Each structure stands twice: as structure tokens, then as C-alpha cells.
Amino acid sequence: MTSTTTPATSNLLVAPTKSDLGSSFLCPLVATLALQALKDHGAVSIALSGGSLPSLLASLPDAFASKEQDPPQWDKWHVFLADERCVPTDDDDSNLKALNEAFLTKVGIPKSQVYGIRQDLMDDTTATANDYQTRLVEALKKHTKGRLDIAILGFGPDGHTCSLFPDHKLVTTREDQQSSDIWVAPVEDSPKPPPRRITLTYPVLNTRTDHIIVCGAGTSKAPIVSKVFEKIQKKDSGEYEATMASPPPFPCAMVNPTVSLTWVVDKDAVVGGSEEQFKLAAEL
């Protein structure tokens, strides 16, 4: 697999259970990063994946309230899709539908600041991707200095993230041959149904995103986690620092944001990994 330049280390947070992952680990971290973005430039731009991720964000409003932090200012948030299936927004395969049901309808983000795909373009995947990129770029330039503040990504049992799948041309094309102008790409042949999708690309994830959080839970993710990290060390803070494998073995390990990378997993995603990870799991 052709690699992008990966960071030597990642922050690693390990939750005892999947439910703790969202409420006690992911959401407090997102709240902290969002408040920093609001302080820096008065807005939050965030890209979200689908899958199991939306349910993990349900506790985000509580993360602001429980710590008596500054208000989230939902009216200043701009929410983008890290990837989306070319299906109607009321289809069960729609990532936007999942996000709406689990999280977005429970907070006060204006609908005009939640950026879904255009329904009238769904039959043309390339046109859908081009339109989405145009709106993404315009919104980021207007509100957050041309950058994504935060991307929260999941990863599959095959190691894919967004709709960047192993051995797909969007992953295997050498970095120096990838156009930095393509932030959103069409996917016509996803190995996972439905086949037609759009996805954020490595150029935007790796050069135009400040913070990326990669989330996964369950034993099905353990084989991926065991190969993504070469070594895990406990820090004085009680958190962990993970040395990334090089070259990265999966698409999810190829994300390389400009400020911080954090993996948030549960204990089940660590058990079943390498000997080093078994030692870590025994501590939890």
C-alpha cells in the first residue's frame, strides 16, 4: 500500500467499554477542540463519518455541560460529511440520516450549516463530488480560514476509513501524484455496498485538517489496531502514546493531520492484538 507520510506517534485513548468511549473519552475531547476553534476564529468546522460513529456523539452536549465549560455555540458549527453514500437522505444507508437521528437534531446547528449531498445530483457521482467540494471549500474559506478544525473518522474491519478502501486507486496512488486540488472524490466501485459514494481525500485530511480523531470499538477492530501501532507506551498523564507502524498497513493509518492525531478505542479493540497490546489490556 502506498503510504503518505505518517506521524511517528499518535495519542491513544482506551475506554473500558464502547459506551464509555463516547461519553467519557471521545465527546470530552471533541468539546475541548471545538472550544479552542471557537476561541481562535469564532467557528467550528467538523467532518463526521457514519457507521457506528453517530451514536458515539450523542453525549456531546453533556460533555460541555458536565465540565461547566463555555457554551458550545452550536449556531457557529459547520458540519461536513467525511464520506456519504449516493442515496436519498431518508435511506437507511445515508450517513447524514444516521447523524441526524443520533446527534444533529438534538443540538441547535442551523440546517444550512449541515452540508449534505445534493439530492438532484445523486445519479452522477462525479457531479455530486464536485458540487460537494465547491461548497466545502467555500464554507471553510468563509468561516474557518480554509481549514477543517476537526475530522472524526471510523475504521472498518478491513482498515478502510471514510470511503478510502484498501487497494483502491485513491489509496494506492502515490502521494506526489495525487492532486492537492481534489478534496472530495467520487467512488463508483466501493467494495462495500452501496457502491456509489463520495469521500474526503488524503490531500484535505492530511494538509487541510488540524485535528483527526480515529474511533473504533469491538473485537472485530483488534486485528487492525494490532497492525496500526508498533508500540504502545503509558504516559505520566495516564494516557498512552502509540508509535505508528511504518509503512502504514491500512488506509485508516494513512491519515496525517497537521496538528494532532488521536485514536480512541475500547478495550475490546485492543484485546486480541500484539503482545505489547495484551500487556496494555491487562492494565485496564
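Presented here is a report on the structure given in the accompanying data block. From a predicted model like this one, the values you see are computed outputs, not experimental measurements.

Some words on the overall build of the protein
Reasoning step 1: From N to C terminus, the protein includes 10 helices and 12 strands.
Reasoning step 2: Expressed as a percentage of its 284 residues, the buried residues of the protein come to 55%.
Reasoning step 3: Carbon and sulfur atoms form 48% of the exposed surface of the protein, whose accessible area is close to 12200 Å².

A few points about the sheet that holds strand β3 (residues 77-81)
Reasoning step 1: Across the sheet, 9 strands lie side by side as β5-β3-β2-β6-β9-β12-β1-β11-β10; this open sheet has mixed pairing. Bordering the open sheet on either side are β5 (114-115) and β10 (229-234), each of which pairs with just one other strand.
Reasoning step 2: Relative to β3, strand β2 (residues 44-48) is paired through 5 bridges, and the arrangement is parallel. Bridge pairing in β3 links S45 to H78.
Reasoning step 3: Of the strands in this sheet, β2, β3, β5 and β6 (148-154) touch helix α5 (residues 125-143), which is tilted by about 155 degrees from β3.

Some details on the layout of surface pockets
Reasoning step 1: In this structure, the largest pocket encloses a volume near 360 Å³.
Reasoning step 2: Forming the boundary of the largest pocket are 25 residues, of which G50, G51, S52, H160 and K192 lie nearest the centre.
Reasoning step 3: Of the residues belonging to the lining of the largest pocket, the class tally is 7 nonpolar, 11 polar and 7 charged.

Thoughts on the sheet that holds strand β8 (residues 197-200)
Reasoning step 1: Here 3 strands make up an open sheet; going across it, the order is β4-β8-β7 and the pairing antiparallel. Edge positions in the open sheet fall to β4 (83-85) and β7 (184-187), since each of these has one partner strand only. Between one strand axis and the next, the sheet turns through 15 degrees on average, direction left out of account.
Reasoning step 2: Sheet analysis places β4 next to β8, joined by 3 bridges and oriented antiparallel.

Considering the pattern of salt bridges
Reasoning step 1: Here the structure, examined in full by the defined rule, presents 8 salt bridges.
Reasoning step 2: Residue D83 pairs with R197 through a salt bridge whose shortest N-O separation is 4.0 Å. You can see D83 sitting in strand β4 and its partner R197 sitting in strand β8, a full 114 residues away along the chain. There is no split in this pair, since D83 and R197 are both buried.
Reasoning step 3: One salt bridge in this structure joins D92 and K97, with 2.5 Å as the shortest N-O distance.
Reasoning step 4: Classification of D92 by relative accessible area gives exposed; the value is 67%.
Reasoning step 5: One salt-bridge network, in which partners are shared between bridges, spans R118, D120, D131 and R135.

Here we look at the environment of N130
Reasoning step 1: Relative to the elements of secondary structure, N130 occurs in helix α5.
Reasoning step 2: As for N130 and I198, which are separated by 68 residues in sequence, their C-alpha atoms are 9.4 Å apart.

Comments concerning the packing of aromatic side chains
Reasoning step 1: In the structure shown here, the tally under the stated rule is 7 aromatic pairs.
Reasoning step 2: When the ring of W74 is compared with that of F103, the centres are 6.1 Å apart and the planes differ by 70 degrees; the resulting orientation is edge-to-face. On the criterion of sequence distance, the pair formed by W74 in the loop between α3 (60-66) and β3 and F103 in the loop between α4 (95-102) and β5 is long-range, its members being 29 residues apart. Comparing W74 with F103 shows no difference in burial state: the two are buried.
Reasoning step 3: Arranged with centres 5.2 Å apart and planes meeting at 50 degrees, the rings of F155 and W263 form a pair that is tilted. Of the two residues, F155 is situated in the loop between β6 and α6 (169-172) and W263 in strand β12 (residues 260-266); the sequence distance between them amounts to 108 residues.

Things to note about the pairing of strand β11 (residues 240-244)
Reasoning step 1: Along β11, the buried face is formed by Y240, A242 and M244; none of E241 and T243, which line the opposite face, is buried.
Reasoning step 2: Relative to β11, β10 runs antiparallel, the two sharing 5 bridges. Residue K234 lies in a different strand from β11, and its bridge partner there is Y240.

Cut-offs used in this document
Residues numbered from 1 in each chain as written. Predicted model: local features only at pLDDT ≥ 70, side-chain atom pairs only at ≥ 80, totals over all residues. Heavy atoms only, no water. Helix = DSSP H or I, 4+ residues; strand = E, 2+ residues; numbered from the N terminus. Buried < 20%, exposed > 50% of the residue type's maximum accessible area, 1.4 Å probe, protein only. Areas by Shrake-Rupley, 256 points an atom, 1.4 Å probe, with all protein chains shown as cover. Pairing = 2+ DSSP bridges. Contact = heavy atoms within 4.5 Å. Axes fitted to C-alpha atoms, helices over the stretch in contact; angles between N-to-C directions. 1 Å grid on protein atoms, 1.4 Å probe; cavity = no way out; pocket = protein on both sides within 12 Å on 5 of 7 lines; lining within 4 Å. Points joined across faces, edges and corners; volume = space filled by probe spheres on them. Nonpolar A, V, L, I, M, F, W, Y, C, P; charged D, E, K, R; others polar. Salt bridge = Lys/Arg side-chain N within 4 Å of Asp/Glu carboxyl O. Phe/Tyr/Trp six-rings, centres within 6.5 Å; stacked < 30°, edge-to-face > 60°.

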